[in-house]
Amino acid sequence: MHTVAVLSLKGGVGKTTVVLGLASAAMRKGARTLVVDLDPQCNATASLEPEATTAGLSDVLANPTADTVTRAIAASSWGEDVDVLVGSEDAEIHNGRREDVENGLGTLTEALAELPHDEEGPPYQLVLLDCPPSLGRLTRSALIAADRALLVTEPTIFAVSGVQRAFEAVQAERTANNPRLQPLGVVVNRIRARSQEHQFRVEELRDIFGPLVMPVALPDRLAVQQAQGACVPIHQWGTPGAREVALAFNLLLARTLRAGRSRSVAEEDETDDEWE
Ligand SMILES: Nc1ncnc2c1ncn2[C@@H]1O[C@H](COP(=O)(O)OP(=O)(O)OP(=O)(O)O)[C@@H](O)[C@H]1O
Ligand SMILES: [Mg+2]
């Protein structure tokens, strides 16, 4: 099971879109996925339309028992390969400043350890943590629970400073609390190939962050908003724009899963058409 925190310093840059796109790509591969909606806005939950639950993220963070975790998870409307640990609007209370700053940051980790197991381990191959738009307590708890961190940015003038601060947050959590955490890098979202400004900003990011900028960028396509609005996986939307975005998510999923594996295994994957 891989647990990937998807985060950014800024709001509205595409965290939820990346979580949904990776879940859609994983579903196409038949890899069972759990989306954990850490954002009090609950956008991922809204787009995945899970069945009703008797608990949500707030209950899980208040009481991370197997029973609460099970009650907070439901199948999404996409099908049985994608489940949701549903968000809570009142999860904001877990995000604010507290006197005991470090206390409670491990609760999400405890909760994920309570996912149902059978002889083969937990039922999910991929757990995606959709973070709120800040580097507050909820995002920090995601960085402690995850083994991979994926940053998202748009190709704008403020991208460099935002990415820098997000990388620092990942590094700080890795050093202080979670040595397993691998920074996967930053994925640039909403790119328009013909925009010179976008090309300039991507080059700027590459100059500063080198290989930490993912070679695959996500194109700006109306299909993303259409598919999300219709609560349909991007891989099933079927327009040329959707196919372009879906392909980018296949590549991003392959890189996400490949991280940290040995070079020889990575090379084997490269010959696997299904993955690429
Ligand atoms: N590649 C894209 N092409 C077109 N529209 C996009 C793309 N990526 C994101 N959007 C749209 O931009 C809006 C914001 O995206 P999204 O909700 O994924 O951002 P977010 O970082 O999760 O926001 P928040 O910080 O509020 O949680 C949404 O309406 C989404 O459909
Ligand atoms: Mg979001």
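With an unreviewed UniProt entry as reference, the protein chain is termed Chromosome partitioning protein ParA, source organism Actinopolyspora mortivallis.

## Some remarks on the overall build of the protein chain
If you tally the helices and strands in the protein chain, you get eleven helices and eight strands. Taking 2.2 N^0.38 as the reference for a compact globule, 276 residues should give roughly 19 Å; the C-alpha atoms of the protein chain span a radius of gyration of 18 Å, in line with that estimate. The C-alpha extent of the protein chain, read off along each of the three principal axes, is 50 × 40 × 40 Å. Burial status across the protein chain gives 53% buried among its 276 residues. Considering only contacts in the protein chain between residues 6 or more positions apart, those separated by 24 or more positions represent 77%. Of the roughly 12600 Å² of accessible surface on the protein chain, 50% is carried by carbon and sulfur atoms. When the 25 basic and 39 acidic side-chain charges of the protein chain are each reduced to a single mean position, those positions are 7 Å apart.

## Here we look at the pairing of strand β3 (residues 73-76)
Where β3 meets strand β4 (residues 79-85), four bridges bridge the pair, whose relative direction is antiparallel. Bridging across to β4, Ala 74 finds its partner in Val 84. Counting the residues that bridge the hairpin from β3 to β4 gives two residues.

## Focus on the packing of aromatic side chains
How two aromatic rings sit relative to each other is given by the distance of their centres and the angle of their planes. On inspection of all chains with the given rule, the structure shows one aromatic pair. Between Phe 167 and Phe 209, the aromatic rings sit 5.5 Å apart at their centres with planes inclined by 45°, giving tilted as the arrangement. Residue Phe 167 is found in helix α7 (residues 159-176), and its partner Phe 209 is found in helix α8 (residues 196-209); the two are separated by 42 residues along the sequence. Residues Phe 167 and Phe 209 agree in their burial class; the two are buried.

## Topic: the environment of Gln 41
Relative to the helices and strands, Gln 41 is located in the loop between β2 (33-37) and α2 (43-48). Spatially, the C-alpha atom of Gln 41 lies 9.1 Å from that of Ala 91, the residues being 50 residues apart in sequence. Side chain to side chain, Gln 41 and Asp 39 meet in a polar contact 2.8 Å long.

## Structural notes on the sheet that holds strand β5 (residues 126-130)
Hydrogen bonds along the backbone pair up the strands of a sheet, which may run parallel or antiparallel. Strand order in the open sheet made by the eight strands is β3-β4-β2-β5-β1-β6-β7-β8, with mixed pairing throughout. Where the open sheet ends on each side, the last strands, each with one partner, are β3 and β8 (218-219).

What counts as what
- Residues numbered from 1 in each chain as written.
- Chains lettered and ligands numbered in written order.
- Predicted model: local features only at pLDDT ≥ 70, side-chain atom pairs only at ≥ 80, totals over all residues.
- Heavy atoms only, no water.
- Helix = DSSP H or I, 4+ residues; strand = E, 2+ residues; numbered from the N terminus.
- Rg over C-alpha atoms; globule rule 2.2 N^0.38 Å.
- Buried < 20%, exposed > 50% of the residue type's maximum accessible area, 1.4 Å probe, protein only.
- Contact = heavy atoms within 4.5 Å.
- Areas by Shrake-Rupley, 256 points an atom, 1.4 Å probe, with all protein chains shown as cover.
- Lys, Arg positive; Asp, Glu negative; His and termini not counted.
- Charge placed at Lys NZ, Arg CZ, Asp CG, Glu CD.
- Pairing = 2+ DSSP bridges.
- Phe/Tyr/Trp six-rings, centres within 6.5 Å; stacked < 30°, edge-to-face > 60°.
- Polar contact = N/O pair within 3.5 Å; in protein donor to acceptor, adjacent residues only side chain to side chain.

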